[in-house]
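Here is what each chain is made of, one letter per residue.
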Amino acid sequence: MKRKLNFTANGALLEITNSKRPSGFHAIGIWTTVVPARLSAAASAFIKDAFPEDTDHLGHVRRFTTAESTYEVPAEHATDAQGKPVTFLRMMVCTEPYLSDAAAVEDLLRPLVQIARDFQLQPKQPKNSTEPAPAPVAMPLFYEPRVELRTTARYTPETKQESTEWSRESGWPLMWRGNTAAIPTEMSERDQQQALQYLAKVAAHAKAEGSAIATLIVDPEADTIVGAATDSQRDAMHRPLEHAAMTAVARVAEWRQSREDNSDGYLCRGFHVYSTHEPCAMCAMALLHSRITRLVYIEAAPSTGAIEPESSGLCIHAQDRLNWQYEAWKYVGARQDLGEAGDNVAPVAAGVNV
Ligand SMILES: [Zn+2]
């Protein structure tokens, strides 16, 4: 599927998407192992500890599938203490890029043998019962740390149909919860007008402060500026970390402090950022950590900008592997439409961090 360019505000704003994010099916190897179905919750918790964060980016992949009928279990473990057949599931353990050596994966799985042996079944308490909870029953389970390689889809499918097809092709089931990575590409009329106004304001702020680079952070609901800053990394004091966006985030922190507002710990949740220039990797990550929802800027920063595929290629605002994403829009309209300071926003030289 080809991602379309999304222009809005009469063609003055262009949404920047991560066109490097591959579309179509890309395979990734996953190590899998067979566990008794009763052990699935405990095994899942164990995996998250033993292989931290490895499969976090595979949120679209199911952890478990049914074990194939050819899976051989020693006869004495095929039925439980009550003589009932034991159900086995095949579980995703970790990705092949994370650990390429099967023996190393099996070594890390060894503690699961004991966890299975010590398994206890908690009998169900009848509803509304006032009796003390029944004691758990020892139910030793069989597990052998043996892994097999399977393949699944590396990237989130874009559509439900893709999800179904990729599950079938790879033989490992995917989950369809809608495309959680999809960013809404529409901007309401009010948002478009607001964006153009604040772009004019950020250009005016840079000019008034005598700086080439400026950033504003805006609460779009209250329609008000909550942080404003210019770049001071190259001024007489030589403060290399004081990029406009970094300082603007610091201003938001001060603004919150002045209101004794510590809400939920994320400084800029729901806020929009207006900048004269495309931010560098440090600033783009600072905006991501503070949970902004939209970035709009006027000039690209060749080679160091962390948003456009054509700049550094990092596209930090739209990475599946990071825990937050934000919209990014670039102003592509006429400069004179940004008021008298519009023409002052000039390109930065290649290699200059903004
Ligand atoms: Zn920066």
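Residues numbered from 1 in each chain as written. Predicted model: local features only at pLDDT ≥ 70, side-chain atom pairs only at ≥ 80, totals over all residues.

Draft legend 1. Just the overall build of the protein chain, in detail. In terms of helices and strands, the protein chain carries 7 helices and 13 strands. Over its C-alpha atoms the protein chain spans a radius of gyration of 27 Å, topping by over 25% the 20 Å that the globule rule assigns to 354 residues. With the C-alpha coordinates aligned to their principal axes, the bounding extent of the protein chain is approximately 85 × 50 × 40 Å. Out of the 354 residues belonging to the protein chain, those deemed buried represent 33%. (Helix = DSSP H or I, 4+ residues; strand = E, 2+ residues; numbered from the N terminus. Rg over C-alpha atoms; globule rule 2.2 N^0.38 Å. Buried ≥ 20, exposed ≤ 12 C-beta atoms within 10 Å, placed from the backbone.)

Draft legend 2. Expanded view of helix H7 (residues 281–289). Listed in full, the buried residues belonging to H7 are Cys283, Ala284, Ala286, Leu287 and Leu288. Just past H7, the residue arginine 291 takes up positive phi, approximately 70°.

Draft legend 3. Just unusual backbone geometry, in detail. With a phi angle near 70°, arginine 291 is a residue other than glycine that sits in the positive phi range. Phi is positive for serine 303, which is not a glycine, with a value near 70°. Along the chain, the position of serine 303 falls in the loop between strand S12 (294–299) and strand S13 (327–331).

Draft legend 4. View of the pairing of strand S11 (residues 272–277). A large share of S11 lies buried, amounting to 6 of its 6 residues. By the bridge criterion, 4 bridges tie strand S9 (residues 214–219) to S11 in an arrangement that is antiparallel. In the strand pairing of S11, threonine 215 is matched with serine 275. As defined by bridge partners, S11 adjoins S12 across 5 bridges and the pair is classed as parallel. Across the sheet, residue tyrosine 274 finds its bridge partner in S12, namely valine 296. This β-α-β element, S11 to H7 to S12, shows right-handed connectivity. (Pairing = 2+ DSSP bridges. Right-handed = clockwise from strand over helix to strand, strands pointing away.)

Draft legend 5. Main features of the environment of glutamate 76. Note that glutamate 76 resides in the loop between strand S4 (64–66) and strand S5 (88–95). Distance in space between the C-alpha atoms of glutamate 76 and phenylalanine 142 is 9.4 Å, their sequence separation being 66 residues.

Draft legend 6. Up close: the sheet that holds strand S3 (residues 27–36). The 4 strands lie next to each other as S4-S5-S3-S8, forming an open sheet whose pairing is antiparallel. Whereas interior strands pair on both sides, the edge strands pair on one side only; in this sheet they are S4 and strand S8 (147–153). On average, each strand axis in the sheet is tilted by 40° relative to the strand beside it, whichever way the strands run. Most of the contacts of helix H1 (residues 40–50) go to S5, to which it runs at about 5°, and overall it touches S3, S4 and S5. (Axes fitted to C-alpha atoms, helices over the stretch in contact; angles between N-to-C directions. Contact = placed C-beta atoms within 7 Å.)

Draft legend 7. Molecular detail of the nonpolar core. In terms of nonpolar packing, the biggest core is built from 55 residues, with Leu199, Ala245, Ala248, Leu287 and Val296 touching the most fellow members. Going through the elements one at a time, helix H5 (189–209), S9, strand S10 (224–230), helix H6 (244–258), S11, H7, S12 and S13 are the ones with two or more residues in this core. If one sorts the elements of this core by residue count, H5 sits on top with 7 residues. For leucine 199, the residues in contact, after removing those within four places along its chain, are Tyr274, Val296, Ile298, Tyr331 and Leu338. Listed in part, the 26 residues of the second largest apolar core include Trp31, Leu141, Phe142 and Val147. (Core = buried A, V, L, I, M, F, W, Y, C linked by C-beta atoms within 7 Å.)

Draft legend 8. Quick peek at the packing of H6 against H7. In the contact formed by H6 and H7, the axes pass within 8 Å of each other and the chain directions differ by 25°. Taken together, the axes of H6 and H7 are roughly parallel relative to one another. For the pair H6 and H7, the sense of crossing is left-handed. Contact residues: Ala245, Met246 and Val249 in H6; Met282, Cys283, Ala286 and Leu287 in H7. Taken together, the residues of the contact of H6 with H7 sort by class into 7 nonpolar, no polar and no charged. (Parallel < 35°, antiparallel > 145°, perpendicular 65-115°, else oblique. Left-handed = near helix turned anticlockwise from the far one by under 90°. Nonpolar A, V, L, I, M, F, W, Y, C, P; charged D, E, K, R; others polar.)

Draft legend 9. Inspection of the pairing of S5 at higher detail. The element S5 is extensively covered by neighbouring structure, given that 7 of its 8 residues are classed as buried. The pairing of S3 with S5 spans 7 bridges and is classified as antiparallel. For isoleucine 30, the partnering residue across the bridge sits in S5 and is threonine 95. Summarising the sheet, S4 and S5 pair through 3 bridges and their orientation is antiparallel. Bridge pairing in S5 links threonine 66 to leucine 89.

Draft legend 10. Local environment of the confidence of the model for the protein chain. On average, residues of the protein chain carry a pLDDT of 88, and 93% of them reach 70 or more. For the stretch residues 1–5, pLDDT sits under 50, and the model shows 5 contacts to residues farther than four places along the chain or on other chains. (pLDDT = per-residue confidence, 0-100.)

Draft legend 11. Expanded view of the environment of phenylalanine 142. With respect to the secondary-structure elements, phenylalanine 142 resides in the loop between strand S7 (137–138) and S8. Apart from residues lying up to four places away in sequence, phenylalanine 142 is in contact with Pro36, Val73, His77 and Ala116.

Draft legend 12. Expanded view of the environment of phenylalanine 88. Along the chain, phenylalanine 88 falls in strand S5. Using a count of 21 C-beta atoms within 10 Å as the deciding quantity, one classes phenylalanine 88 as buried. Apart from the residues within four sequence positions on either side, phenylalanine 88 is in contact with Val34, Val35, Pro36, Ala37, Ala67, Tyr71 and Val73.

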